[in-house]
Amino acid sequence: MLLLRTRRRAEKAEDNWESLITSAAEASPLAATSSSSAGNDGRVCIIRPDVNPENTVLPTTLKEIALAQLDRIKPLKQTVLKFAAVIGPVFTTQLLSHILPDGMRHKMNCLLDMLVSDNILKWLKTTEVPEDVRDPTKGPGTSRQAERGVERPSPSKKTTERQSGVLVFCVPLLREAAYELWPERQRVALHRKCGAFLERHAHKCKSCGQGDFVAFHRFTVTSTRKGGSSQGPAEQGDPHSWEALVLAGEQLKRDRTHGPEGALQQQQAFLEEDFGVAGWFLAKSEQTAELPSKTNRKHSGTCSCECKAIVESVLVPLARHYVAMGDAARAFYYLLESAAAYLHVSNSYVALMKLNEAEVLRNSLEKKANVIARFEEATFFSLKGEVCWRMGHVKLAKKTLREALSLLGRQFPRTSMGAFVKSQVEKLPYATYVARRASSLPQEARRKRLAWLLRQSRCLSLLEHLFSLEGTSSGQTFSLLAARMKANTDRAVDSYQAADSCHR
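Structural notes, computed from the coordinates. All chains use their own residue numbering, which begins from 1 and follows the written sequence. In keeping with the predicted nature of the model, local features appear solely for residues at pLDDT of at least 70, side-chain atom pairs appear and are counted solely at 80 or more, and the whole-chain, interface and lining totals rest on all residues. In computing side-chain properties, one takes all heavy atoms of the structure into account and sets aside hydrogens as well as water.

In this section: the environment of cysteine 194. For the purposes of this entry, the term helix denotes a DSSP run of H or I that reaches at least four residues, the term strand denotes a run of E that reaches at least two, and both are numbered from the N terminus. Mapped onto the elements, cysteine 194 comes out in helix α9 (residues 184-199). Judged by relative accessible area, cysteine 194 falls into the buried class, the value being 0%. For the pair cysteine 194 and tyrosine 322, spaced 128 residues apart in sequence, the C-alpha separation works out to 9.7 Å. Only heavy atoms matter for contacts: two residues are in contact if any of them lie within 4.5 Å across the pair. Apart from the residues within four sequence positions on either side, cysteine 194 is in contact with Val86, Ile87, Leu95, Ile99 and His321. Type-normalised accessible area, obtained with a 1.4 Å probe on protein chains alone, sets the label of each residue: buried when under 20%, exposed when over 50%, and partly exposed for intermediate values.

Next comes the structure, spelled out in structure tokens:
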């Protein structure tokens, strides 16, 4: 068993973001379980913090082996494999059909059955629906029929059975080799089509309100909804596509753990034990920081819903697709959505890893001006603050939350004198002005402002709690100030929500 671990620093660990990532990786119960169960066969690979194993290319020798195997596959089946390789190790037939050329869609299910019978792909689930498009002489009706040895349907039938479901590559090496066969321009075009399809499902599940994981995120960065073609057979809000993506996400989640069920259960127990109190407080703060709805937050922070799967099959792949397209702004957007989604389902460790990816991407763009929007920067620091708090780094959490509030236009003082002056300012009445301003703005501008206010409220909720834990007079002063600032912010949120509901 190979365990990847971030390179350790020789010096004493400091209370900063890099040391938090290193200590989290070393304290991971999954890593400990993996190394202990591997025994003498275990190997540890030390990597730099800025290296993403998902972006590594195949060594020449392994690539030649995989290419030789690809050469033995018939051209049509090889073409389907190449398209599926762009999607990822687990893919849905709906997304594959969306990116396939028109002339190949009617042959898709037959070719997938052949690849399954060749042990190159594996069906996770299939459903059968009537279809008049496919020629019944082109192959077995479904993979289930093929496995049972059922004869092909008679050509005289007007309808056949079309497969709809989720497949997984049996040989990951083969997928990597097939992916690298694409010329760069065609590869980027396919990533763009995948992104356009997945963006339709980039939101919370129905039981959690179906909004962005960062509240009203889409209204703050207009470019995330531009570009991305919506051409193809898939329809907006297709429930079959959603169900398939949930199933794919569950498989991707199992693959990500790289361990038996027992290791995953230990990891979940570790998270619940260490971050249970933090998760409870976060759930309580979300009730005031998010928009109220009839179904929102039914699961109180330990969300046992479909969001866990959607983040794996939609949000994480979207970030990867946009990185491959060279669109850093959208990639950063979906890395933030992924981190917020993992916090939503109480998985702080993976949220930390996604924020680390965002940090690497952000550092690579420092010399380029105006690539990352101000709200994105603020959200990045606020999510870092939440992760630091959940992992017990209170000092670092306060620092990053203050920086987030500064970017959001709400300075939080650092001295007792500053706190006193700020508290006097916060006592001034301005509710009438806010209500008048909210009603005068167009809907998109109101929702953009709501995103900023809700993010401010989230940061202030955390600061109020963190300072209340100090048990000192200074801590109490800052906690009361954060509570007062949050109350004013929440009143502004109410005004904007009321104006938004009146203009619907």
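Now that the structure has been shown, the text picks up again.
Note on definitions: salt bridges are taken to be side-chain nitrogens of Lys or Arg within 4 Å of carboxyl oxygens of Asp or Glu. Evaluated as defined, the whole model comprises 14 salt bridges. Across the pair arginine 458 and glutamate 386 runs a salt bridge whose closest N-O atoms are separated by 3.1 Å. Here glutamate 386 lies in helix α15 (residues 374-390) and arginine 458 lies in helix α19 (residues 443-468), a separation of 72 residues in the sequence. Under the relative-accessibility criterion, glutamate 386 is labelled buried at 1%.

This part takes up the packing of aromatic side chains. Pairs were defined over the aromatic rings of Phe, Tyr and Trp, the Trp ring being its six-membered one, requiring ring centres within 6.5 Å. Orientation was assigned from the angle between planes: stacked under 30 degrees, edge-to-face over 60, tilted for the rest. Taken as a whole and assessed by the stated rule, the structure comprises 11 aromatic pairs. Centroid distance tyrosine 333 to tyrosine 334: 4.8 Å. Interplanar angle 75 degrees. Geometry classified as edge-to-face. In this pair, the class of tyrosine 333 matches that of tyrosine 334, namely buried. Seen in terms of ring centroids, phenylalanine 412 and phenylalanine 478 are 6.1 Å apart; in terms of plane orientation they differ by 40 degrees. Their pairing is tilted. In this pair, phenylalanine 412 sits in the loop between α16 (394-407) and α17 (416-426) while phenylalanine 478 sits in helix α20 (residues 473-502), placing the two residues 66 residues apart along the sequence. By relative accessible area, which is 5% here, phenylalanine 412 ends up buried. Among the residues examined, phenylalanine 478 registers a relative accessible area of 5% and is labelled buried. Three or more aromatic residues joined by ring pairs make a cluster, and in this case those are Tyr322, Tyr333 and Tyr334.

As a further point, take unusual backbone geometry. Within the chain, asparagine 119 stands out as a residue other than glycine whose phi angle is a positive 60 degrees. Residue position: asparagine 119 is located in the loop between α6 (108-117) and β4 (121-131). With phi around 55 degrees, phenylalanine 216 is a residue other than glycine that occupies positive phi space. Mapped onto the elements of the fold, phenylalanine 216 is located in the loop between α9 and α10 (239-257).

The next point concerns the packing of helix α4 (residues 75-87) against α9. Between N-to-C directions, angles cover 0 to 180 degrees, with each direction set by a line fitted to C-alpha atoms, over the stretch in contact for helices. Look at α4 against α9: their axes get within 9 Å of each other, and the N-to-C directions meet at 60 degrees. The orientation of α4 with respect to α9, classified from their angle, is oblique. In the crossing of α4 with α9, the sense of the turn from one axis to the other is right-handed. The residues of α9 that touch α4, namely those facing Phe83, Val86 and Ile87, are Leu190, His191 and Cys194. Lys, Arg, Asp and Glu make up the charged group, whereas Ala, Val, Leu, Ile, Met, Phe, Trp, Tyr, Cys and Pro make up the nonpolar group; the residues left over, Gly among them, are polar. Its residues assigned to classes, the contact of α4 with α9 shows 5 nonpolar, 1 polar and no charged. Throughout, the term roughly parallel applies to angles under 35 degrees, roughly antiparallel to angles over 145, roughly perpendicular to angles from 65 to 115, and oblique to all others. The crossing is said to be left-handed when, going from far helix to near helix, the turn is anticlockwise and less than a right angle, and right-handed when the turn is clockwise.

What follows deals with a nonpolar patch on the surface. Judged by side-chain polarity, Met417, Phe420, Val421, Val425 and Leu428 come together as a nonpolar surface patch covering roughly 510 Å² of accessible area. Mapped onto the elements, methionine 417 comes out in helix α17. On the basis of relative accessibility, which here comes to 59%, the residue methionine 417 falls in the exposed class. Surface patches are defined over residues having more than 30% relative accessible area and no salt bridge, joining like charges when they lie within 9 Å and nonpolar side chains (Val, Leu, Ile, Met, Phe, Trp, Tyr) when within 5 Å. Here, Shrake-Rupley sampling with a 1.4 Å probe gives the accessible areas, and only protein chains in the shown set may cover a residue.

Turning our eyes to something else, we now look at the side chain of serine 382. By the secondary structure assignment, serine 382 is in helix α15. By relative accessible area, which is 1% here, serine 382 ends up buried. Whenever two N or O atoms come within 3.5 Å, that pair is a polar contact, provided that in protein one can donate a hydrogen and the other can accept it, and provided that, for residues adjacent in sequence, both atoms are side-chain atoms. At 2.9 Å, the side chain of serine 382 and the backbone oxygen of threonine 379 are in polar contact. Apart from residues no more than four positions distant in its own chain, serine 382 is found in contact with Leu401, Ala404, Arg455 and Cys459.

Bringing α15 into the picture now. Along an α-helix, residues three or four apart share an orientation, since each turn contains 3.6 residues. Here the expected length of a helix is defined as 1.5 Å per residue gap, with one fewer gap than residues. The terminal C-alpha atoms of α15, which comprises 17 residues, lie 25 Å apart, in line with the 24 Å expected from a rise of 1.5 Å per residue. Of the residues one or two after α15, glycine 392 is the one with positive phi, at around 85 degrees.

For the rest of this paragraph, the subject is the packing of helix α12 (residues 307-325) against helix α13 (residues 328-344). At a closest axis distance of 8 Å, the pairing of α12 and α13 adopts a crossing angle of 160 degrees. What the angle tells us is that α12 and α13 run roughly antiparallel. By crossing handedness, the relation of α12 to α13 is classed as left-handed. Residues Cys307, Val311, Glu312, Leu315, Val316, Leu318, Ala319, Tyr322 and Val323 of α12 lie in contact with α13, whose contacting residues are Arg330, Ala331, Tyr334, Leu335, Glu337, Ser338, Ala341, Tyr342 and His344. When grouped by side-chain class, the residues that make up the contact of α12 with α13 number 13 nonpolar, 2 polar and 3 charged.

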